[in-house]
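Residue-level listing of the chains:
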Number of protein chains: 2
Amino acid sequence: MRPTVHDIAAEAGVSLATVDRVLNNRPGVRSVTRDKVERAIAALGYVRDVAAANLAKGRTYPLIFILPAGENSFMRGLEAEVRAAMARSAAERTDITILSVPAFDAPALAAALLDAREQRPAGVAVVAVEAPEVAEAVKRLREDGIAVVTLVSDLPGSERDHFAGVDNIAAGRTAGSLMGRFLGGREGPVAVLAGSMLVRDHCERLEGFRAVMSEDFPGRRILPVVEGQDNPALVETLVDTLLDKHRDLAGIYSLGAGNRGLVSALEKAGRAKAICAIAHELTPHSRAALVTGTIDALLNQNAGHEVRSAIRVLKAKADGLSVIAAQERIRIDIFLKDNLPVEQA
Amino acid sequence: MRPTVHDIAAEAGVSLATVDRVLNNRPGVRSVTRDKVERAIAALGYVRDVAAANLAKGRTYPLIFILPAGENSFMRGLEAEVRAAMARSAAERTDITILSVPAFDAPALAAALLDAREQRPAGVAVVAVEAPEVAEAVKRLREDGIAVVTLVSDLPGSERDHFAGVDNIAAGRTAGSLMGRFLGGREGPVAVLAGSMLVRDHCERLEGFRAVMSEDFPGRRILPVVEGQDNPALVETLVDTLLDKHRDLAGIYSLGAGNRGLVSALEKAGRAKAICAIAHELTPHSRAALVTGTIDALLNQNAGHEVRSAIRVLKAKADGLSVIAAQERIRIDIFLKDNLPVEQA
DNA sequence: CTGTTAGCGCTTTCAG
DNA sequence: CTGAAAGCGCTAACAG
């Protein structure tokens, strides 16, 4: 049987309360006593039963998730994952609220953060837009002892505790590597389609993509980036134009959302098979396009992992604990038509 | 505050003990009483606090992992993950033992299973070798109420409760898809290197690979499969021969282990860059070869995920609970030099 | 500064 | 068949 607080109290010749004080390094213990207890802990190889501690504490973690509104499938999937986490709230001792804000709107986001602050949550997870006022709002939250985690898109240089998302430079590089190899010796330029250069994740993907293309495939021309605001209708128009203007287009890297527009444009132009398309995020639409071959490869971040990681980190930070960074690293999934996960119910 | 057993006892007008009997559907409750309690549970929307239940039960799960011996890096990594899980034993209420058996040795594996059975564990996780005597041993365990999960390599048709591993047909298809696209119009045949056709995972990868090559790249010649027993030295000799015999070799798919041998053979022949190599499992060696470009792509199964999943499933099965299959599905990771995870300490 | 005591939500004897 | 009471390992008042 593994040792309990009773055992260590007995071993150290003190009471349970004192052991508890040492364990949770609460003040009010003479250092001699503290030493005795610590020796006992070490001697018995005590490890605290976290479940029992939580039960006794009855602590819950009020958490707020701030997500962009709109019909972006990835974001709606992310929201679904947050709702799934809400369903597990009881078991995980969390109490989650979702706040919705317009996409790519820094003032609205800053306001939402301050709004969240009023509710005095233990932590806030936010899909960031890169702007000084947002960083400033994050700072205010931190000053109030509220843990802040950026989700999907980061806010470097701010005081956020952690970023729960993928390495977007690596994602862009991966896209570039696949694009270059898939095209092989085929002639023609490659177009790049982003959502907005206001969000960090899109900028970083572009940076990684360009880096690999120029390092490993220097002969390939990359067209200037086009911004579709993650809006399918706008994306479709933009791609229509691209296809029309560049009859020899060899590939398209879509690093943002709105892939429905990309897919329709390619298909109606009858160039779905001829053009190598690489996009991000596995959604019902992008999945279908991968299966038919309109999209050749899909990079994905697992929204479920991101949400669960954000929650774990927020809870840890709220308790002043550190996290094992490596363990919270989010992988970049690569999907081809051949390794698609089975569809969920 | 969410309802507790007390609330439902009060609501139903019975005692705690009766509520508990109903909750865990233990016998000795009149069906009228049972109904009353169940109505109360439904009315209050009660959800049991699993942590508290475990605390009260003080239950632990003795588990046995049976792993192949030898210096196969992937298997040693798997073992390291099992040891990591052992370190978490206290928190997870598990008590894990590792049994080591010679690789690809069905009689030894069957004996080990029977050996494990003597220790009356709650569950056994085993890297299977496909043979009737192994299936028979699994059956004996199940008859004794011991949960059995196959790990990495499955034993279909046996009575194992679950398989914790990747879809190896999909893995083979993915390898084929990448190989076909990476080669593009380049001429030359593709070689396939396996460990042993006695293990299910290798057979399935081969099947998937061949399927995609014939469907999507019918012009490409696939050489007969060569078995390297997951042994680097043997693999090296075999690849030496292949390289010598096929001066126009365009690609190699290594679907088993022993990649050290593959890498040295390619490098010493000076054909590392010219030949497209796709292999399995991220190990220190394969990682290095991916970075230098000797290996072009690596398919990987996350050993940590597999071990944790196996443990979750074994615990659930031991308690007679079902698992959400989708949640326990293990993904196939694809690594290029550009999306390698940061090296762990 | 330290100890006593009463729980957290659930399970488990042991009586009745 | 049902109930009362003790306790899992830990924490939190409240006394001393």
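In case you missed it, the structure is sitting above this.
Residues numbered from 1 in each chain as written. Chains lettered and ligands numbered in written order. Predicted model: local features only at pLDDT ≥ 70, side-chain atom pairs only at ≥ 80, totals over all residues. Heavy atoms only, no water.

## Structural notes on the pairing of strand β1 (residues 61-68) of chain A
Residues and elements named next belong to chain A. Keep this limit in mind: Only protein chains enter the calculation, and the probe is 1.4 Å; a residue is then buried if its accessible area is under 20% of its type maximum, exposed if over 50%, and partly exposed in between. Helix and strand labels come from DSSP, where a helix needs a run of H or I of at least four residues and a strand needs a run of E of at least two; each type is numbered from the N terminus. Whether two strands pair comes down to DSSP finding at least two bridges between them.
Of all eight residues that make up β1, seven are buried, and the element is covered over most of its length. Here eight bridges tie β1 to strand β2 (residues 94-101), and the two strands are oriented parallel to one another. The residue of β2 that forms the bridge with I66 is L99. Note: β1 against strand β3 (residues 123-126), four bridges, orientation parallel. Paired with F65 across the strands is A125, a residue of β3.

## What about helix α7 (residues 106-118) of chain B?
Stated precisely, the cut-off is as follows: Multiplying one less than the number of residues by 1.5 Å gives the expected span of a helix.
When the terminal C-alpha atoms of α7 of chain B are compared, their 19 Å separation across 13 residues agrees well with the 18 Å that a helix rising 1.5 Å per residue should span. One or two steps after α7 of chain B, the chain reaches R120 of chain B, where phi turns positive at roughly 45 degrees.

## Considerations on the protein's contact with DNA strand D
Our working rule: The near set for a molecule or strand comprises every residue that places at least one heavy atom within 4 Å of it. A 3.5 Å cut-off defines polar contacts: any pair of N or O atoms within that distance qualifies, except that in protein one atom must be a possible hydrogen donor and the other a possible acceptor, and neighbouring residues in sequence count only when both atoms are side-chain atoms. Just so you know the grouping, Ala, Val, Leu, Ile, Met, Phe, Trp, Tyr, Cys and Pro go in nonpolar, Asp, Glu, Lys and Arg go in charged, and all remaining residues, Gly too, go in polar.
The local shell around DNA strand D holds 26 residues, among which V5, D20 and Y46 of chain A together with R21 and T33 of chain B are the closest. For DNA strand D, a phosphate oxygen lies 2.6 Å from a polar atom in the backbone of V5 of chain A. In the model, a phosphate oxygen of DNA strand D is placed 2.3 Å from a nitrogen or oxygen of the Y46 of chain A side chain. Secondary-structure elements contributing two or more residues to the surface near DNA strand D are α2 (16-23) and α4 (50-57) of chain A together with α2 (16-23) and α4 (50-57) of chain B. Sort the elements by how many residues they give to the surface near DNA strand D and α4 of chain A lands first, with four residues. Class assignment of the residues belonging to the surface near DNA strand D gives a composition of 13 nonpolar, six polar and seven charged.

## Topic: the packing of aromatic side chains
Heads up, the condition is: Note on ring pairs: Phe, Tyr and Trp rings are taken, using the six-membered ring of Trp, and paired if centres are within 6.5 Å. Classes follow the plane angle, with under 30 degrees stacked, over 60 edge-to-face and the rest tilted. Think of it as a cone above the ring: NZ of Lys or CZ of Arg counts as a charge over the ring if it is within 6 Å of the ring centre and within 35 degrees of the ring normal.
This structure, assessed with the given rule, holds three aromatic pairs over all chains. Relative to F182 of chain B, the ring of F182 of chain A lies with its centre 6.0 Å away and its plane at 50 degrees, an arrangement referred to as tilted. Linking F182 of chain A in helix α9 (residues 168-183) with F182 of chain B in helix α9 (residues 168-183), this pair reaches from one chain into another. You'll find F182 of chain A and F182 of chain B in the same group, each marked buried. Directly above the ring of F182 of chain B sits R181 of chain A, whose terminal nitrogen or CZ lies 4.7 Å from the centroid.

## Considering the nonpolar core
Nonpolar side chains in soluble globular proteins tend to be buried together. Stated precisely, the cut-off is as follows: To define a nonpolar core, start from buried Ala, Val, Leu, Ile, Met, Phe, Trp, Tyr and Cys residues and group those joined through side-chain atoms within 4.5 Å. We call two residues in contact when some of their heavy atoms are within 4.5 Å.
By size, the foremost hydrophobic cluster in this structure holds 50 residues, and its most contacted members are L178 and M179 of chain A together with L178 and M179 of chain B. Apart from residues no more than four positions distant in its own chain, M179 of chain A is found in contact with V190, F209, M213, G251, I252, Y253, C276 and I278 of chain A.

## Notes on the protein's contact with DNA strand C
The immediate surroundings of DNA strand C are formed by 26 residues, with R21 and T33 of chain A together with V5, D20 and Y46 of chain B found nearest. The contact atoms of DNA strand C, taken as those within 4 Å of the protein, divide so that sugar and phosphate hold 65%. The contact in question runs from a base oxygen of DNA strand C to an N or O atom on the backbone of A56 of chain A, over 3.1 Å. Here a phosphate oxygen of DNA strand C and a side-chain polar atom of Y46 of chain B are 2.3 Å apart. Put simply, the parts of the chain that give the surface near DNA strand C at least two residues each are α2 and α4 of chain A together with α2 and α4 of chain B. Here the element with the most residues in the surface near DNA strand C is α4 of chain B; it accounts for four residues. Among the residues making up the surface near DNA strand C, the classes are represented as 13 nonpolar, six polar and seven charged.

## Re the pairing of strand β10 (residues 297-301) of chain A
All names here are of chain A. What counts, and what does not: Handedness of a crossover is defined as follows: with both strands directed away from the viewer, a clockwise route from the first strand across the helix to the second makes it right-handed.
Most of β10 sits out of view: five of its five residues are buried. Burial of the side chains of β10 extends over both faces: A297, L299 and Q301 are buried on one face and L298 and N300 on the other. Handedness of the crossover is the feature at issue here: the chain leaves strand β9 (residues 276-280), passes through helix α13 (residues 284-292), returns alongside β10, and the resulting connection is right-handed. Here β10 runs beside strand β11 (residues 332-335); their pairing, made up of four bridges, is antiparallel. Each residue of the ladder has a partner; that of L299, found in β11, is I334.

## So, empty space enclosed by the protein
Residues and elements named next belong to chain B. Cut-off, in case you're wondering: Cavity and pocket criteria rest on a 1 Å grid covering protein atoms alone: a 1.4 Å probe that fits but cannot get out defines a cavity, protein on both sides within 12 Å along at least 5 of 7 lines defines an open pocket, and an atom within 4 Å of a point defines a lining residue. Grid points are joined across faces, edges and corners, and a volume is the space filled by probe spheres set on the points. The split into domains, and so the bounds of each, comes from an automatic or database assignment of domains.
What the rule picks out here adds up to three cavities of 30 Å³ or more. Computed from the structure, the largest cavity encloses a volume of approximately 120 Å³. Looking at the largest cavity, it is lined by 15 residues, and the ones nearest its centre are S73, A257, G258, N259 and T283. Across the lining of the largest cavity, the residue classes tally to three nonpolar, eight polar and four charged. Built from parts of two domains, the lining of the largest cavity gets at least three residues from each of domain 2 (57-163 + 303-327) and domain 3 (168-300).

## Remarks on the relation of the copies chain B and chain A
So the rule is basically this: Least squares is the method for superposing the copies, and the C-alpha atoms it fits come from residues with pLDDT of at least 70 in both.
It takes a turn of 180 degrees to lay chain B on chain A, together with a shift of 0.0 Å along the axis; the resulting RMSD is 0.1 Å. With respect to symmetry, the two chain copies, as superposed, fit the operation of a two-fold axis. When the interface residues of chain B are mapped onto chain A, 100% of them again fall at the interface, so both copies present the same face.

## Overview of the packing of helix α1 (residues 5-12) of chain A against helix α3 (residues 31-44) of chain A
Residue and element names in this part refer to chain A. Selection rule: Each axis is a line fitted through C-alpha atoms, taken for helices only over the stretch in contact, and angles between the N-to-C directions span 0 to 180 degrees. Any angle that falls under 35 degrees is termed roughly parallel, while one over 145 is termed roughly antiparallel, one within 65 to 115 roughly perpendicular, and all others oblique. Crossing chirality is assigned from the near helix's rotation relative to the far helix, an anticlockwise turn below a right angle marking it left-handed and a clockwise turn marking it right-handed.
It is at 9 Å that the axes of α1 and α3 come closest, and there the two elements cross at 125 degrees. The pairing of α1 with α3 is recorded here as oblique in orientation. For the pair α1 and α3, the sense of crossing is right-handed. Across the interface between the two elements, D7, I8, E11 and A12 of α1 pack against K36, V37, A40, I41, A43 and L44 of α3. Its residues placed into classes, the contact of α1 with α3 shows seven nonpolar, no polar and three charged.

## Observations regarding the sheet that holds strand β7 (residues 226-227) of chain B
Strand order in the open sheet made by the six strands is β7-β6-β8-β9-β10-β11 (chain B), with mixed pairing throughout. Every interior strand has two partners, whereas the edge strands, β7 and β11 (332-335) of chain B, have only one.

## Thoughts on the interface of chain B and chain A
Note the cut-off: The term buried area refers to how much accessible surface (probe radius 1.4 Å) is lost by two components on association, counted for both of them together. Any carboxyl oxygen of Asp or Glu that lies within 4 Å of a side-chain nitrogen of Lys or Arg is treated as forming a salt bridge with it.
Contacts between the two partners involve 33 residues from chain B and, on the opposite side, 33 residues from chain A. Across the chain B to chain A interface the summed buried area is about 2900 Å²; carbon plus sulfur atoms make up 53%. Its largest share of buried area at the contact with chain A, chain B owes to R181, R331 and D338 of chain B, together 22% of the area lost on that side. With its nearest N and O atoms 3.4 Å apart, the salt bridge here joins D338 of chain B to R173 of chain A. Counting across the chain B and chain A interface gives 10 residue pairs in polar contact (both at pLDDT 80 or more). Secondary-structure elements contributing two or more residues to the side of chain B that touches chain A are α4, α9, α10 (200-216) and β11 of chain B. Of the residues that constitute the side of chain B that touches chain A, the class distribution is 16 nonpolar, five polar and 12 charged.

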